[in-house]
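Close look at the chain arrangement
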Amino acid sequence: MIRFDDVHKSFGRNHVLQGMTLEVPKGTSMVIIGGSGTGKSVALKCVLGLIRPDSGTITVEGASKDRDAFLARFGMLFQGGALFDSLPVWQNVAFRLLRGALKRPKAEAREIAIEKLRRVGLAPEVADRLPAELSGGMQKRVGLARAIAADPEIIFFDEPTTGLDPIMAGVINELIREIVTEMGATAMTITHDMSSVRAIADDVAMLHGGKIRWTGPVARMDDSGDPYLDQFIHGRAEGPIPAVR
Amino acid sequence: MAVLTRPLAAVGARVLALFAMIGRVTLFFLETLSHVVRPPFYARELGVQVLQIGWLSLPVVGLTAVFTGGALALQIYAGGARFDAEAVVPQIVAIGMVRELGPVLVGLMIAARVTSSIAAEIATMKVTEQIDALVTLSTHPMKYLTVPRVLAALITVPVLVGVGDIVGIFGGYQVATGTLGFNPATYLKNTVDFLEPLDVISSLVKGAVFGVIAAVMGCQAGMNSGRGAQGVGRATKSAVEAAAVMILAANFLLTGVFFSL
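Residues numbered from 1 in each chain as written. Chains lettered and ligands numbered in written order. Predicted model: local features only at pLDDT ≥ 70, side-chain atom pairs only at ≥ 80, totals over all residues.

Going by the annotation in an unreviewed UniProt entry, the name recorded for chain B is ABC transporter permease, with Pseudooceanicola nanhaiensis given as the source organism.

Going by what an unreviewed UniProt entry lists, chain A is known as ABC transporter ATP-binding protein and is assigned to Pseudooceanicola nanhaiensis.

Structure representation (structure tokens):
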């Protein structure tokens, strides 16, 4: 379980998180939605320690004080893939398996990488290419393979379908749902893409004004009665959320 | 009154910003040092950087040195002719290249080639979240990116300076024996006889210091880059400027130190 308790984070005068409180139960897929600049990515990065909150607490069940052991429980798919340009695809996927506490022999790490690539629908031939030689959709899949390479307990997906065509976005959504289900992992996804929300989420939380405005099961999202959520999920210009920000 | 104080405030702000930058670089350097002695160590990354910083810089260092050595021989010959001292060309080329021009020119070429490349690469990694990805993959960016680059520069730049010194002297030799009528054997004998071990040591020490400055400035600017293409551009520009100025300042200080020995 991951719990945010009254988390605040500001960058200068920009108060991004203003008392975010949220609970993500173990083994569920939580999708956080909200407008651009509402602090969704900041929230994820606070959990990983990439950004330190100004106040409030973030609790991860069973967290170790050892930072490497803590991070070893996580996998993350970054918005742009964040693949290492200088390394071939298989070394990107097996990055964690080639060094540190989870280090394996090179041949075994490569085998696992190729298996994970196959799991996300990429052929073994892709393994020896450089990230720059891949399309956007393939890079996303490689990023997904890297996120699951070490069988993490918790997986974060940051805008997993941004920049992809609708068919490739659907493929990625399906993959995420399948992988999260078969691994039994806890997943947190942030997205603007409502088709992703419906495909990936067990629960949805809407972040607005630095706080969780609404949270509940995805099935209840359409009849929430919350004007902010309604405006967002239907993409209306009129409503309580200003269109010009 | 504000008309008088505003320019002073602007100067003060610049001075404070300069001290803040020196402080940030110093802290960054100290943090790098602390990671140098603590595992894990990334030997493969170090090897890659030795190739990138050392081996691949050889052509530009060699070309810079050979032309500088040749021009230096011509200048000394022309200048020396004004008081019948043309014969000092081998000695002045040797001491000029080894004690001053070799390390400084190599240092500046490394600042141009390596500092810019390091700053742009790491800044791009930061902008594209690759640095964050490293952290989530339990890999400390300082250990994985900064330490190999700084160590590689520490190891290879003195070697590049040594090569630059030799190639520069060779450039002077070619010009002196080819166009100025110097005897090849006498030229070489005068060069070797005139140089002292301290000259060579000072050259190599300067190379090591300049290498560390070039790598640290590139890494520091890259790691602290702003967002977007403009952030990468600014990081690269400020890294090269700062590295070049610091190399020249360090050269002045080190020359003073070696003169006092």
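We now examine the overall build of chain B. A tally of regular secondary structure across chain B gives nine helices and zero strands. Projected onto the principal axes, the alpha-carbon positions of chain B cover approximately 65 × 60 × 35 Å. Taken over 261 residues, chain B has a buried fraction of 43%. Across chain B, every contact between residues at least 6 apart in sequence was considered, and the portion connecting residues at least 24 apart equals 88%. (Helix = DSSP H or I, 4+ residues; strand = E, 2+ residues; numbered from the N terminus. Buried ≥ 20, exposed ≤ 12 C-beta atoms within 10 Å, placed from the backbone. Contact = placed C-beta atoms within 7 Å.)

Scanning chain A from N- to C-terminus turns up eight helices and nine strands. In terms of C-alpha radius of gyration, chain A reaches 18 Å, essentially the compact-globule figure of 18 Å for 245 residues. C-alpha atoms of chain A, sized along the principal axes, occupy 55 × 40 × 35 Å. Of all 245 residues assigned to chain A, the portion counted as buried reaches 44%. Once local pairs closer than 6 in sequence are excluded, the contacts in chain A between residues at least 24 apart make up 64%. (Rg over C-alpha atoms; globule rule 2.2 N^0.38 Å.)

Here we take up the sheet that holds strand S2 (residues 14-24) of chain A. All names here are of chain A. An order of S2-S1-S4 is seen for the three strands of this open sheet, with the pairing classed as antiparallel. Here the strands that pair on one side only, and so sit at the sheet edges, are S2 and strand S4 (55-60). Going from strand to strand, the sheet's axes swing by 20° on average, the running direction of each strand aside. In the sheet, strand S1 (residues 2-11) pairs with S4 via five bridges, with the strands oriented antiparallel. Bridge pairing links Phe4 to Ile58 in S4. Across the sheet, helix H1 (residues 40-48) lies against S1, S2 and S4, angled at about 115° from S1, the strand it touches most. (Pairing = 2+ DSSP bridges. Axes fitted to C-alpha atoms, helices over the stretch in contact; angles between N-to-C directions.)

Now for the UniProt feature "transmembrane region" (unreviewed entry) in chain B. With numbering matched to this structure, UniProt assigns "transmembrane region" (unreviewed entry) to residues 7-30, 50-74, 150-173, 200-219 and 239-259 of chain B. The annotated region residues 200-219 of chain B carries 100% helix and 0% strand content, and the separation between its end C-alpha atoms amounts to 29 Å. (UniProt positions renumbered as here; feature names shortened; annotations may be inferred.)

Once that is clear, we can look at the interface of chain A and chain B. Contact with chain A, which involves 15 residues of that partner, is made by 11 residues of chain B. Grouping the amino acids of the side of chain A that touches chain B by side-chain chemistry returns 10 nonpolar, two polar and three charged. (Nonpolar A, V, L, I, M, F, W, Y, C, P; charged D, E, K, R; others polar.)

The subject of this paragraph is the nonpolar core. All names here are of chain B. One finds Ala214 and Ala243 to be the most contacted residues of the largest nonpolar core, which totals 134 residues. Of all the elements, helix H4 (residues 89-127) adds the most residues to this core, at 18 residues. Those residues in contact with Ala214 that sit more than four places away from it in its chain are Gly107, Ile110, Ala111, Val114, Thr115, Ala153 and Ala243. (Core = buried A, V, L, I, M, F, W, Y, C linked by C-beta atoms within 7 Å.)

All names here are of chain A. Along the chain, the position of Arg104 falls in the loop between helix H3 (89-93) and helix H4 (106-119). Each C-alpha atom, one on Arg104 and one on Ala94, is 9.4 Å from the other, the two residues being 10 residues apart in sequence. Excluding residues that lie within four positions of it along the chain, Arg104 makes contacts with Leu97 and Ala109.

Our focus in this paragraph is the environment of Leu8(B). If you trace the backbone, Leu8(B) turns up in helix H1 (residues 2-36). Note on Leu8(B): 9 C-beta atoms within 10 Å, which makes it exposed.

Next up on the list: unusual backbone geometry. The omega angle of the peptide bond from Pro39(B) to Pro40(B) is 0°, so this bond is cis rather than trans. In this model, Glu159(A) sits at a positive phi of 45°, which is unusual for a non-glycine residue. Overall, the presence of 19 C-beta atoms within 10 Å leaves Glu159(A) in the partly exposed class. Backbone geometry at Glu129(B) places phi at a positive 65°, although glycine is not the residue there. Looking at where Glu129(B) falls in the secondary structure, it is placed in the loop between H4 and helix H5 (130-136).

Take the sheet that holds strand S6 (residues 154-158) of chain A next. All names here are of chain A. With mixed pairing, six strands are arranged side by side in an open sheet as S5-S6-S7-S3-S8-S9. One side of each edge strand has no neighbouring strand; the edge strands of this open sheet are strand S5 (74-77) and strand S9 (211-217). Adjacent strand axes in the sheet meet at a mean angle of 15° when their direction is disregarded. Direction of pairing for S6 relative to strand S7 (residues 186-190): parallel, over a ladder of five bridges. Among the inter-strand pairings, Ile155 is bridged to a residue of S7, identified as Ala187. Here helix H8 (residues 227-234) sits on the sheet in contact with strand S3 (29-33), strand S8 (203-208) and S9, set at roughly 100° to S8.

Residues and elements named next belong to chain B. One way to put it is that helix H3 (residues 58-80) packs onto H4 with a least axis distance of 9 Å and a crossing angle of 145°. Taken as a pair, H3 and H4 cross one another with a handedness that is right-handed. When H3 is examined against H4, the residues Val60, Val61, Thr64, Ala65, Thr68, Gly69, Leu72, Ala73, Ile76, Tyr77 and Gly80 are found in contact with a partner set consisting of Val89, Ile92, Val93, Gly96, Met97, Leu101, Gly102, Leu105, Val106, Met109 and Arg113. Here the residues of the contact of H3 with H4 sort into 15 nonpolar, six polar and one charged. (Left-handed = near helix turned anticlockwise from the far one by under 90°.)

Turning our eyes to something else, we now look at the pairing of S2(A). Residue and element names in this part refer to chain A. With eight bridges joining them, S1 and S2 adopt antiparallel strand pairing. Each bridged residue has a counterpart across the sheet, and for Ile2 the counterpart in S2 is Val24. Connecting S1 to the antiparallel partner S2 that follows it, the hairpin turn spans two residues, and Gly12 within it adopts a positive phi of roughly 65°.

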